Amino acid sequence: MLLAQVNTPEQDTTSIEYLIIKGDSIPRTSIDLDEVMLLHKLKFDSKEDRIRYLILRRKTIKVYPYAKMAADRLDSLNTRLAQLTKKRDRKRYTKKIQKYIEGEFSDELKKMTRTEGQILVKLIHRQTGRTTFDLVKELRSGWRAFWYNTTASMFDISLKKEFDPENEKEDYLIEDILQRNFQSGRLVSQKSAIPFDFYYLTNKWLNNETEETPE
């Protein structure tokens, strides 16, 4: 593929960028290209570090779809509630969403390990911008009891845990795993509700690793 610029006679003062593909020129403006994030090549200081990353990758890929689903359902709930004016209707719809989420979550949550449950809580914060504790607090008792009985009591996890890739190395690695699997198509991308600059974080953590490595 060759990139070139061609000036058309009708636009003497305008430079239009074209893609030249096997002799055919196509205006770049006519092609809708998805943004591609350039990711650094993975390097590990030891076999143990590599194994830990692979374990974290497996767990993250497993629980991410449920965090995304929770965010989608919450968005649907809020959109619908904004359209309902009667308290009775709002209460009825909230219960309906609760039962729907519980039906989708409960069986899988029971199969999750403690660390998988904690990663899920972090990812729900990433996807919604709200901690699971706050979401549970705002929704009604049925949803609260479901979370505490099914997850927190079983895994002894913190529902207040936030996704903090700037200060927590594991959270940065989780984001790295997500970005790589978004690009490969293995996971369906959903933008983080938590603002951060992934490139900045990559430089920060890689530089920290370099500084901490003894000479």
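For clarity, every value in this text was computed on a predicted model and none was experimentally measured.

Trainee: Hey, could you run me through the packing of aromatic side chains in this one?
Mentor: Working definition: an aromatic ring pair is given by the centre-to-centre distance plus the angle between the planes. Scanning the entire structure with this criterion turns up five aromatic pairs. Measuring from ring centre to ring centre gives 5.4 Å for F44 and Y53, while their planes differ by 55 degrees; the resulting arrangement is tilted. Taking the relative accessible area as the measure of exposure, Y53 reaches 4% and is therefore buried. Here Y172 and F198 contribute two aromatic rings whose centre-to-centre distance is 5.7 Å and whose plane-to-plane angle is 25 degrees, an arrangement assigned as stacked. Of the two residues, Y172 is situated in helix α6 (residues 169-184) and F198 in helix α7 (residues 198-212); the sequence distance between them amounts to 26 residues. The class for Y172 is buried, based on a relative accessible area of 3%. Taken together, Y172, F198 and W205 form an aromatic cluster joined through their ring pairs. In this structure, K204 packs its charged tip against the face of W205, placed 5.3 Å from the ring centre.

Trainee: Explanation requested: the packing of helix α3 (residues 114-128) against α6 in the structure shown.
Mentor: As a packed pair, α3 and α6 sit with axes 12 Å apart at the nearest point and diverge in direction by 70 degrees. Here α6 runs roughly perpendicular to α3, going by the angle between their axes. Here I119, K122, L123 and R126 of α3 lie close against α6, whose contacting residues are E170, D171, I174, E175, L178, Q179 and F182. Looking at the contact of α3 with α6, its residues break down into five nonpolar, one polar and five charged.

Trainee: Explain α6 to me, please; I cannot follow it from the model alone.
Mentor: Each turn of an α-helix holds 3.6 residues, which means side chains three or four residues apart point in the same direction. An ideal rise of 1.5 Å per residue puts 22 Å on 16 residues; α6 measures up with 23 Å between its terminal C-alpha atoms. Of the positions making up α6, those classed as buried are D171, Y172, I174, E175, D176, I177, L178, Q179, N181 and F182.

Trainee: In this structure, what is going on with the nonpolar core? I would like to understand it.
Mentor: Judged by nonpolar contacts, the single largest core of 29 residues is most densely connected at F105, L120, L123, I174 and L178. Elements with a contribution of two residues or more to this core: α1 (47-83), α2 (87-111), α3 and α6. Looking at this core, the element that brings in the most residues is α1, giving 12 residues. When residues no more than four places from it in sequence are discounted, the contact partners of I174 are L56, T60, I119, K122, L123 and F163.

Trainee: Looking at this structure, I do not really get α3. What am I missing?
Mentor: When the terminal C-alpha atoms of α3 are compared, their 21 Å separation across 15 residues agrees well with the 21 Å that a helix rising 1.5 Å per residue should span. Counting buried positions over the 15 residues of α3 gives 13, a clear majority of the element. Just beyond α3, the residue with positive phi is G129, at close to 80 degrees.

Trainee: Just to check I follow, could you spell out the pattern of salt bridges for this structure?
Mentor: Side chains that differ in charge, positive against negative, can pair when their charged atoms come close. Using the criterion set out here, one finds nine salt bridges in the structure. Residue E116 is joined to K59 by a salt bridge in which the shortest nitrogen-to-oxygen separation is 3.9 Å. Separated by 57 residues along the polypeptide, E116 in helix α3 and K59 in helix α1 bring together distant segments of the chain. Neither residue differs from the other here; E116 and K59 are each classed as buried. Among the salt bridges present, the one from K122 reaches E170, with a minimum N-O distance of 3.0 Å. Here K122, found in helix α3, pairs with E170, found in helix α6; they are 48 residues apart in sequence, far enough to count as distant. Overall, K122 belongs to the buried group, its relative accessible area being 6%. Assessed through its relative accessible area of 37%, E170 is described here as partly exposed. Because the salt bridges share partners, they merge into one network encompassing K59, K62 and E116.

Trainee: Explanation requested: the side chain of S192 in the structure shown.
Mentor: If you trace the backbone, S192 turns up in the loop between α6 and α7. There is a polar contact of 2.9 Å between the side chain of S192 and the backbone nitrogen of I194.

Trainee: It is not clear to me how the confidence of the model for the chain should be interpreted in this structure. Could you clarify?
Mentor: On average, the chain scores 76 in pLDDT, and the residues at 70 or more come to 69%. Low pLDDT, under 50, characterises residues 18-26; the predicted model gives this stretch 24 contacts beyond four residues in sequence or across chains.

Parameters at a glance
- Residues numbered from 1 in each chain as written.
- Predicted model: local features only at pLDDT ≥ 70, side-chain atom pairs only at ≥ 80, totals over all residues.
- Heavy atoms only, no water.
- Phe/Tyr/Trp six-rings, centres within 6.5 Å; stacked < 30°, edge-to-face > 60°.
- Buried < 20%, exposed > 50% of the residue type's maximum accessible area, 1.4 Å probe, protein only.
- Helix = DSSP H or I, 4+ residues; strand = E, 2+ residues; numbered from the N terminus.
- Lys NZ or Arg CZ within 6 Å of the ring centre and 35° of its normal.
- Axes fitted to C-alpha atoms, helices over the stretch in contact; angles between N-to-C directions.
- Parallel < 35°, antiparallel > 145°, perpendicular 65-115°, else oblique.
- Contact = heavy atoms within 4.5 Å.
- Nonpolar A, V, L, I, M, F, W, Y, C, P; charged D, E, K, R; others polar.
- Expected span 1.5 Å × (residues − 1).
- Core = buried A, V, L, I, M, F, W, Y, C linked by side-chain atoms within 4.5 Å.
- Salt bridge = Lys/Arg side-chain N within 4 Å of Asp/Glu carboxyl O.
- Polar contact = N/O pair within 3.5 Å; in protein donor to acceptor, adjacent residues only side chain to side chain.
- pLDDT = per-residue confidence, 0-100.

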